[in-house]
Amino acid sequence: MKENSRISGQFLLWLGAAISIAEIITGNLIAPLGLAKGFLAILVGHILGCFVFLLPAAIMGGRQRRTAIASTHFAFGHLGVQLFSLLNALQLIGWTAVMIANAISALNGVSGRLFNFKSALFMGLIMAALLIFWLLINNDWLFRINNLVVALLFVGSLIMLWLVLRIPQHASVLTGNSITFGAAVELGVTMALSWLPLIADYTSQTEEPIKVSWASTAGYFIGSLFMFSIGLLAAVRTGKTDITTILVSSGLGILALFIIIFSTVTTTFLDAHSAAVNVHNIWKKLNLKWLASGVVLIGLIIALVVPLSLYQQFLYLIGSIFAPLYTIVFVNYFLLKRPLKIKLNFIFWLVGVVGYYWLQQFNFILGTTTSELLLLGSIVWITGYFINRSK
């Protein structure tokens, strides 16, 4: 009974992680493709990102009883764990900043329309205070509160969808930032990929890693698919990609503030916690909860000074680092069953990082990340096959 409760808790945890303004904004970016083609790109991207990348990472970490980054030890050794812990901590601090910045922008927009009040610092401090509260409370209380808030957020999102559908269809077609089908698929894959170095932080603590891994992945898949679709639909119907305009146009009122604040909290506290876990991998003596609180404060400072215009490039940067990393780890762990030499894996990883940007120019229909998985994964597997055969 307790394990069943844990499985449902993990499902809701990852459902809540997906319910965020960032996911809606990313769905907005796909709107130039139109509704039918855009939804197909979202669906393909989420199937690939969640079940080709996220699920194996969750299972691997659960089986090894290791956190997401610690599980790379199998292929990259102690030095690799230290390096990737640092890189992951940096990208998670970046995600914390992006999420807080998105919340500040949306809160200011909605609050300005409803109450004629705007203050980036005030909104940022509210978000930081709630995030630190979420991080410092007892785990049992955390899951109870988080599950309740996620349920309310899901209901709020359904109301948002209903109100968006009531908005009269905008006559003009979105122009400006055009996007190809492959690039749209890549956004879905990369959003899931950004959670790859986190998911095993939670599946490694369970007695049934397979069930919990499926529940976690399914929770994120359903929530993220839903939020991307709301973003796509809202942008197509309103002809706008600005989240504030969409929220105000939908007539959500105070409910919009609730969705913005608590969707940011249920997503971003995972980023801050896992950033602290990665720093803790390097410096074991530091207190985990206070480290996570420090990540929130650093994220707040970055959110207040760095523009959100770099958001899409930030997603691609994550893909360039972690797509080749986990491709190599998956091939070593699931296919070869034994690791290649650490130096060789590092060479493959560096080639993969450079290759990611090289592959982007070809605009593959399934996205850059999936193409790299197939190409780099095949090279690693063939190399390992002949090395093992020669032995």
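Everything numeric here is computed off the predicted structure, so don't read it as measured data.

> Teacher, can you tell me more about the side chain of histidine 46 here?
Along the chain, histidine 46 turns up in helix H3 (residues 35–64). A polar contact of 2.6 Å, which involves the side chain of histidine 46, links it to the side chain of serine 224. Excluding anything up to four places from it in sequence, histidine 46 contacts Phe51, Gly188, Phe221, Ser224, Leu225 and Phe228.

> Before we go on, may I ask you to explain the nonpolar core in this structure?
Nonpolar side chains in soluble globular proteins tend to end up buried together. Ranked by internal contacts, the top residues of the largest apolar core, which has 126 residues, are Trp14, Phe76, Trp95, Tyr220, Tyr326 and Trp349. Take this core: its biggest share by element is 17 residues, from helix H4 (residues 73–115). Apart from residues lying up to four places away in sequence, phenylalanine 76 is in contact with Phe84, Leu325, Ile328, Val329, Ile342, Asn345, Phe346 and Trp349.

> I keep staring at helix H11 (residues 254–282) and nothing clicks. Help me out?
Residues spaced three or four apart along an α-helix point in a common direction, a consequence of the helix completing one turn every 3.6 residues. Over its 29 residues, H11 extends 43 Å from the first C-alpha to the last, a length consistent with the 42 Å expected when each residue adds 1.5 Å. Taken as a whole, H11 carries its principal kink of about 30° at threonine 268. Burial runs high along H11: 22 of the 29 residues are buried.

> In this structure, what is going on with the packing of H4 against helix H12 (residues 288–305)? I would like to understand it.
Between two packed helices, both the angle of their axes relative to each other and the distance between the axes serve to describe the pair. Relative orientation of the contacting elements H4 and H12 amounts to 55°, with a least axis distance of 8 Å. The angle between the axes of H4 and H12 places the two elements in the oblique class. Note on packing geometry: the crossing formed by H4 with H12 is right-handed. Packed against H4, whose contacting residues are Ile93, Thr96, Ala97, Ile100, Ala101 and Ile104, the element H12 presents Val295, Val296, Ile298, Gly299, Leu300, Ile302, Ala303 and Leu304 at the interface. Classifying every residue of the contact of H4 with H12 gives 12 nonpolar, two polar and no charged.

> Teacher, can you tell me more about the environment of alanine 41 here?
Here alanine 41 lies in helix H3. Judged by relative accessible area, alanine 41 falls into the buried class, the value being 0%. Measuring from C-alpha to C-alpha, the distance between alanine 41 and glycine 188 comes to 7.9 Å, with 147 residues separating the pair along the chain. Look past the residues within four positions of alanine 41 in its chain and what remains in contact with it is Leu33, Phe181, Ala184 and Val185.

> Explain the packing of H3 against helix H9 (residues 209–238) to me, please; I cannot follow it from the model alone.
One can describe the packing of H3 onto H9 by two numbers: an axis separation of 9 Å at closest approach and a directional angle of 160°. Taken as axis vectors, H3 and H9 run roughly antiparallel relative to one another. In the crossing of H3 with H9, the sense of the turn from one axis to the other is right-handed.

> I tried to follow the pattern of salt bridges on my own but got confused; where do I start?
Where charged atoms from two side chains of opposite charge come close, those side chains can pair. The tally for this structure, following the rule as stated, stands at two salt bridges. One salt bridge connects arginine 65 with glutamate 207, and the closest N-O pair in it is separated by 3.4 Å. Pair noted here: arginine 65 is in the loop between H3 and H4 and glutamate 207 is in the loop between helix H8 (196–203) and H9, with a separation of 142 residues, a long-range link. Judged by relative accessible area, arginine 65 falls into the partly exposed class, the value being 45%.

> Honestly, the packing of aromatic side chains in this entry has me stumped. Any pointers?
Think of a pair of aromatic rings as described by two things: how far the centres are apart, and how the planes are tilted against each other in angle. Applying the stated rule across the entire model yields 24 aromatic pairs. Ring geometry for tryptophan 14 and tyrosine 202: centres 5.9 Å apart, planes at 85°, overall edge-to-face. Residue tryptophan 14 is found in helix H1 (residues 2–18), and its partner tyrosine 202 is found in helix H8; the two are separated by 188 residues along the sequence. Summarising the burial analysis for this pair, tryptophan 14 and tyrosine 202 share the class buried. Aromatic pair phenylalanine 76 and phenylalanine 84: ring centres 5.1 Å apart, planes at 85°, arrangement edge-to-face. Take phenylalanine 76 and phenylalanine 84: they sit in the same class, and that class is buried.

> Even after reading the chapter, I still don't get a nonpolar patch on the surface, so can you show me in this structure?
A grouping of Leu121, Leu125, Ile301, Leu304, Val305, Val306 and Leu310 is seen on the molecular surface, where their side chains present a nonpolar patch of about 650 Å² in accessible area. Put simply, the parts of the chain that give the nonpolar patch at least two residues each are helix H5 (120–136) and H12. When residues in the nonpolar patch are grouped by element, the largest group, three residues, is from H12. Along the chain, leucine 121 falls in helix H5.

Parameters at a glance
- Residues numbered from 1 in each chain as written.
- Predicted model: local features only at pLDDT ≥ 70, side-chain atom pairs only at ≥ 80, totals over all residues.
- Heavy atoms only, no water.
- Helix = DSSP H or I, 4+ residues; strand = E, 2+ residues; numbered from the N terminus.
- Polar contact = N/O pair within 3.5 Å; in protein donor to acceptor, adjacent residues only side chain to side chain.
- Contact = heavy atoms within 4.5 Å.
- Core = buried A, V, L, I, M, F, W, Y, C linked by side-chain atoms within 4.5 Å.
- Buried < 20%, exposed > 50% of the residue type's maximum accessible area, 1.4 Å probe, protein only.
- Expected span 1.5 Å × (residues − 1).
- Bend = angle between axes of the 7 residues up to and from the residue.
- Axes fitted to C-alpha atoms, helices over the stretch in contact; angles between N-to-C directions.
- Parallel < 35°, antiparallel > 145°, perpendicular 65-115°, else oblique.
- Left-handed = near helix turned anticlockwise from the far one by under 90°.
- Nonpolar A, V, L, I, M, F, W, Y, C, P; charged D, E, K, R; others polar.
- Salt bridge = Lys/Arg side-chain N within 4 Å of Asp/Glu carboxyl O.
- Phe/Tyr/Trp six-rings, centres within 6.5 Å; stacked < 30°, edge-to-face > 60°.
- Patch = residues over 30% accessible without salt bridge, like charges linked within 9 Å, V, L, I, M, F, W, Y side chains within 5 Å.
- Areas by Shrake-Rupley, 256 points an atom, 1.4 Å probe, with all protein chains shown as cover.

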